[in-house]
Amino acid sequence: MSANLEAARSRVNALREAIESHNYRYYVLDDPEISDSEYDRLFLELQQLESQYPQLLEPRSPTQRVGGEPLSEFSTAEHRIPMLSLGNAFSEAEMQAFDRRVRESCDAGEIEYCAEPKFDGLAVSLRYESGAFVRGATRGDGSRGEDVTNNLRTVRAIPLRLRGASPPVLEARGEVLMLRADFDRLNERQSAAGEKEFVNPRNAAAGSLRQLDPRITAQRPLRFFAYGIGDVGGQSMPRAHSQALDWLAGLGLPVSSERRVVSGLQGMLEYHQWMGSRRGALPYDIDGVVFKVNALVMQEKLGFLARAPRFAVAYKFPAEEATTQILAIDVQVGRSGTLTPVARLKPVFVGGVTVTNATLHNEDEIRRKDIWRGDTVFVRRAGDVIPEVARVSRPGARAADDRFVMPATCPVCRSAVIRLEGEAATRCTGGLFCPAQRKQALLHFASRRAMDIDGLGEKIVEQLVEKSLAVSPVDLYGLKPEAVAGLDRMGGKSAQNLIDAINASRGRPLARLIFALGIPGIGEEVAKVLAGHFEDLDNLVEADWGGIAEQKKSLQRDNAARKRRGEPALPQLLEGIGPELMDSLAKFLHESRNRAVIMALNEAVRPGLAGTPRGAALAGKTFVLTGTLPTMTRDRAKGLIEALGGKVAGSVSGKTDYVVAGEDAGGKLEKARALGVRILDEHGFMQLIKKKEIPDGR
DNA sequence: GATCCTCGAGTTCC
DNA sequence: CTCGAGGATC
């Protein structure tokens, strides 16, 4: 018995190794040694042995890619190092500008770039600990995505264990996609089974990855290619991006075989052209090529913009265009009353989807492009997402009434329409009297980034407004379940759910509430600044804007003078809020109806202060500095921390909140690891102080 | 006064 | 995602 078990154990191990190694040859080296049927035979044998000897089962076995029950929803996964997007370029001129910026910042002649195709799939992040795949997440908004670990485990191109000597921690980033051939076969299967076909490989991949039941994902032919490293611990990094990619391939992660190292602008242009010509011959869809400065020291020097690294660019292929006809030009009314003309199009398949609407932005845009009703036009998807009318291909019959004229009254509420001098937008003057604006205001109030009220969608809002159950956002908090249950498509249960969701939004951070008010020009960021300054709605409502404007001006003059003397600047008052925004705020807050709504909301919501930046953002936090930071001196780092109210200590203890570690960090870093203190590199540190806020916790 | 950057607003499709 | 406008900076 035990001899049998031992024999089975060694066979099982041999089979697992063989299968992993064939996966590696197939997905990473693209050079299979055995046929698919031979592979299937090995797999079957392993499955049989494991069912005969269940004690040999292990989660790391290739047969155990599907595990766990279907989820009811994905949990969110935090990206410790944000997953950024890339800056785009569409022309040689833009590429030239990119190359020039890089050369100027690095003070170098010809730059070496690492070039790769830009896959048209979904970005994911894979976390390996001691070589084992432990977590996979979608990109989401860049700082938090969805935890899709169980689904990614079913993707055979993703190794469950890394090969060879693996680092203690590795976060690999890459793209999940579907090959065109696999996509075609999947659609044949879907239609044979009477299921809905997918419209393009990208959507098929996205839909497959977002399945709550991993058994379904397992049946979808997904692929993965790695293109970068998010986080790596306990490993000295290679010196160049191309070497990092080679390293990832060596660990068993598939990396595009189309990657090259090219030299200078000329090299980039040639690669772009070359990939463009081979686009149709590749087994997967790409929408451009990506160039990254190859030397990592230069990458660090170049650093980051708000959402994208300065050392990389995506050179897109020209968007696919299609011709179709303009059936009508309608006018929509937005949250701030903006009238937006929208082209209703004869449905046309372009860039992987069927397009029926396209925004025409405003009157000037229509005039500039000379678009009339009935015209045949070129349509494309700008950035491969938003449909856009590029230009007229052939004019229609063009009778006088085919010409677009901006209506003189709001199409929804019939109020007069106004176009201010120097502005592109035409606006409805109806304000909250206009049902369209009321609806949009409520939708904005409930939206995810504002008060995040689940279940308050377009259909419900429409009825609430039409039945006058909600005129302003405060009314939401007084809604009775019976009233809500009377609406279309609403039973007692969903009515209660909605009421619960509304109640759950009480206590949300002040910054969200200010943003939710929908004051013109006051978005998420500005709302945070206001919340941080006033800390409560009474203060905001009573603010003396004339006085604040004066104060700000004198502070700016002061700082200009300090700068000339080489002194550090004082923290700016209400940063990013200038005369225009102050004016907008003053006007809004002057109206007694707005004030009444705000004060009532203050009572109903009782906002908290999470997510709020503060003058002393690091108050109470203790930092320890160790090693040499790449671009700043220790004194400068210390100054920054202290300016934000933090303390800098000499040694690491349980009371230390953060250790900022640079090159050649020594014992302090080790101690921090041992104590589980958060460790930041210079970049992470800059991110932290840039945010300057109390964690939102959402 | 020019230029760079960030933020806000509007938008499409599944 | 893109455009335009406001704000910051030189």
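Since this is a predicted model, take the numbers as computed values, not measurements.

Definitions and limits used
- Residues numbered from 1 in each chain as written.
- Chains lettered and ligands numbered in written order.
- Predicted model: local features only at pLDDT ≥ 70, side-chain atom pairs only at ≥ 80, totals over all residues.
- Heavy atoms only, no water.
- Helix = DSSP H or I, 4+ residues; strand = E, 2+ residues; numbered from the N terminus.
- Buried < 20%, exposed > 50% of the residue type's maximum accessible area, 1.4 Å probe, protein only.
- Contact = heavy atoms within 4.5 Å.
- Areas by Shrake-Rupley, 256 points an atom, 1.4 Å probe, with all protein chains shown as cover.
- pLDDT = per-residue confidence, 0-100.
- Pairing = 2+ DSSP bridges.
- Axes fitted to C-alpha atoms, helices over the stretch in contact; angles between N-to-C directions.
- Expected span 1.5 Å × (residues − 1).
- Core = buried A, V, L, I, M, F, W, Y, C linked by side-chain atoms within 4.5 Å.
- Salt bridge = Lys/Arg side-chain N within 4 Å of Asp/Glu carboxyl O.
- Arc of directions from axis to C-beta.
- 1 Å grid on protein atoms, 1.4 Å probe; cavity = no way out; pocket = protein on both sides within 12 Å on 5 of 7 lines; lining within 4 Å.
- Points joined across faces, edges and corners; volume = space filled by probe spheres on them.
- Nonpolar A, V, L, I, M, F, W, Y, C, P; charged D, E, K, R; others polar.
- Near = heavy atom within 4 Å.
- Polar contact = N/O pair within 3.5 Å; in protein donor to acceptor, adjacent residues only side chain to side chain.

## Considering the overall build of chain A
Line of reasoning, step 1. In terms of regular secondary structure, chain A is built from 24 helices and 22 strands.
Line of reasoning, step 2. Per-residue burial for chain A yields a buried fraction of 44% across its 698 residues.
Line of reasoning, step 3. Put simply, 67% of the contacts in chain A that link residues at least 6 apart link residues at least 24 apart.
Line of reasoning, step 4. Surface summary for chain A: the accessible area is close to 35300 Å², and the carbon and sulfur share equals 49%.

## Examining the confidence of the model for chain A
Line of reasoning, step 1. Here chain A averages 83 in pLDDT, and 88% of its residues register 70 or above.
Line of reasoning, step 2. Mean pLDDT values for the elements of chain A range from 64 in helix α22 (residues 634-643) up to 94 in strand β9 (residues 260-263).
Line of reasoning, step 3. Note that pLDDT drops below 50 for residues 693-698; the model gives that stretch 19 contacts with residues more than four away or on any other chain.

## Describing the sheet that holds strand β11 (residues 312-316)
Line of reasoning, step 1. Across the sheet, which stays open at both edges, the five strands sit in the order β2-β11-β10-β3-β9 with mixed pairing between neighbours. Both outer strands of the open sheet, β2 (87-89) and β9, are each paired with one neighbouring strand and no more. Strand-to-strand twist in this sheet, taken as the mean axis angle between neighbours without regard to direction, amounts to 35°.
Line of reasoning, step 2. Summarising the sheet, strand β3 (residues 112-119) and β9 pair through four bridges and their orientation is antiparallel. Bridging across to β9, Y113 finds its partner in V262.
Line of reasoning, step 3. Of the strands in this sheet, β3, β9 and β10 (286-293) touch helix α8 (residues 241-250), which is tilted by about 50° from β3.
Line of reasoning, step 4. Contacts between helix α9 (residues 264-278) and the sheet are confined to β3, β9, β10 and β11, with β9 contributing the most and set at about 135° to the helix.

## Quick look at helix α1 (residues 2-28)
Line of reasoning, step 1. Over its 27 residues, α1 runs 38 Å from end to end, which matches the ideal 39 Å to within 8%, given 1.5 Å per residue.
Line of reasoning, step 2. Within α1 the residues assigned to the buried category are L5, A8, V12, L15, R16, I19, E20, H22, N23, Y24, Y27 and V28.
Line of reasoning, step 3. Check the buried side of α1 and you find it contacts α2 (36-52), β8 (222-233) and α8.
Line of reasoning, step 4. Where α1 terminates, the next one or two residues include D30, which has phi positive at roughly 55°.

## A closer look at the nonpolar core
Line of reasoning, step 1. Of all hydrophobic cores here, the largest spans 57 residues; its most connected members are I453, L476, Y477, L530 and W545.
Line of reasoning, step 2. Looking at which element gives the most residues to this core, the answer is helix α16 (residues 510-516), with six residues.
Line of reasoning, step 3. In this structure L530 touches I514, I522, E535, L540, W545, L574, I577 and L585, once residues within four positions along its chain are discounted.
Line of reasoning, step 4. Grouped together as the second largest cluster of nonpolar side chains are 37 residues, L186, A204, L209 and F224 included.

## A few points about the sheet that holds strand β5 (residues 132-138)
Line of reasoning, step 1. Here we have four strands laid out as an open sheet, ordered β5-β4-β7-β8, and antiparallel in their pairing. At either end of the open sheet lies a strand with only one pairing partner, and these are β5 and β8. Strand-to-strand, the axes of this sheet are offset by a mean angle of 25°, without reference to chain direction.
Line of reasoning, step 2. Bridge analysis of strand β7 (residues 169-178) against β8 gives 10 bridges, and the strand direction is antiparallel. Each residue of the ladder has a partner; that of G174, found in β8, is A226.

## Concerning the pattern of salt bridges
Line of reasoning, step 1. For the structure shown, the criterion picks out 34 salt bridges.
Line of reasoning, step 2. A salt bridge links E58 to R16; its shortest N-O distance comes to 3.5 Å. You can see E58 sitting in the loop between α2 and β1 (76-78) and its partner R16 sitting in helix α1, a full 42 residues away along the chain.
Line of reasoning, step 3. When its relative accessible area of 33% is taken as the criterion, E58 is described as partly exposed.
Line of reasoning, step 4. For E365, the salt bridge is made with K369, and the minimal N-O distance between the two is 2.8 Å. With E365 and K369 both in helix α11 (residues 363-369) and four residues apart, this pair spans about one turn of that helix.
Line of reasoning, step 5. A relative accessible area of 14% means that E365 is categorised as buried.
Line of reasoning, step 6. Put simply, R127, E129, E171 and R173 are held in one network by salt bridges that share partners.

## Describing helix α15 (residues 492-504)
Line of reasoning, step 1. If you check α15, its first and last C-alpha atoms are 18 Å apart, about what 13 residues at 1.5 Å a residue would give, namely 18 Å.
Line of reasoning, step 2. Here α15 has its buried residues at A495, L498, I499, A501 and I502. End-on view of α15: buried residues confined to an arc of 160°, all on one side of the axis. The exposed residues of α15 that point more than 90 degrees off its buried face are G492 and K493.
Line of reasoning, step 3. For α15, the secondary structure elements touched by its buried residues are α13 (458-466) and α14 (481-485).

## Regarding the layout of surface pockets
Line of reasoning, step 1. Estimates place the volume of the second largest pocket at around 1200 Å³.
Line of reasoning, step 2. What lines the second largest pocket is a set of 32 residues, among which S336, Q437, G518, P520 and F588 lie closest to the centre.
Line of reasoning, step 3. Broken down by secondary-structure element, the contributors of at least two residues to the lining of the second largest pocket are β18 (426-428), α12 (435-446), α20 (579-590) and α21 (592-605).
Line of reasoning, step 4. The residue inventory of the lining of the second largest pocket, partitioned by class, reads 14 nonpolar, 10 polar and eight charged.

## Considering the protein's contact with DNA strand B
Line of reasoning, step 1. Neighbouring residues of DNA strand B: 23 residues in total, closest S336, T340, G521, G523 and V526.
Line of reasoning, step 2. Considering DNA strand B, the proportion of its atoms within 4 Å of the protein that are sugar or phosphate atoms stands at 95%.
Line of reasoning, step 3. The contact in question runs from a phosphate oxygen of DNA strand B to an N or O atom on the backbone of G523, over 2.9 Å.
Line of reasoning, step 4. In the environment of DNA strand B, a phosphate oxygen lies 2.9 Å from a nitrogen or oxygen atom belonging to the backbone of V526.
Line of reasoning, step 5. Of all elements in the fold, only β13 (338-350), β14 (353-359), β16 (386-394) and α17 (524-534) reach the threshold of two or more residues within the surface near DNA strand B.
Line of reasoning, step 6. Per element, the largest residue contribution to the surface near DNA strand B is four residues, and it comes from β14.
Line of reasoning, step 7. Taken together, the residues of the surface near DNA strand B sort by class into nine nonpolar, nine polar and five charged.

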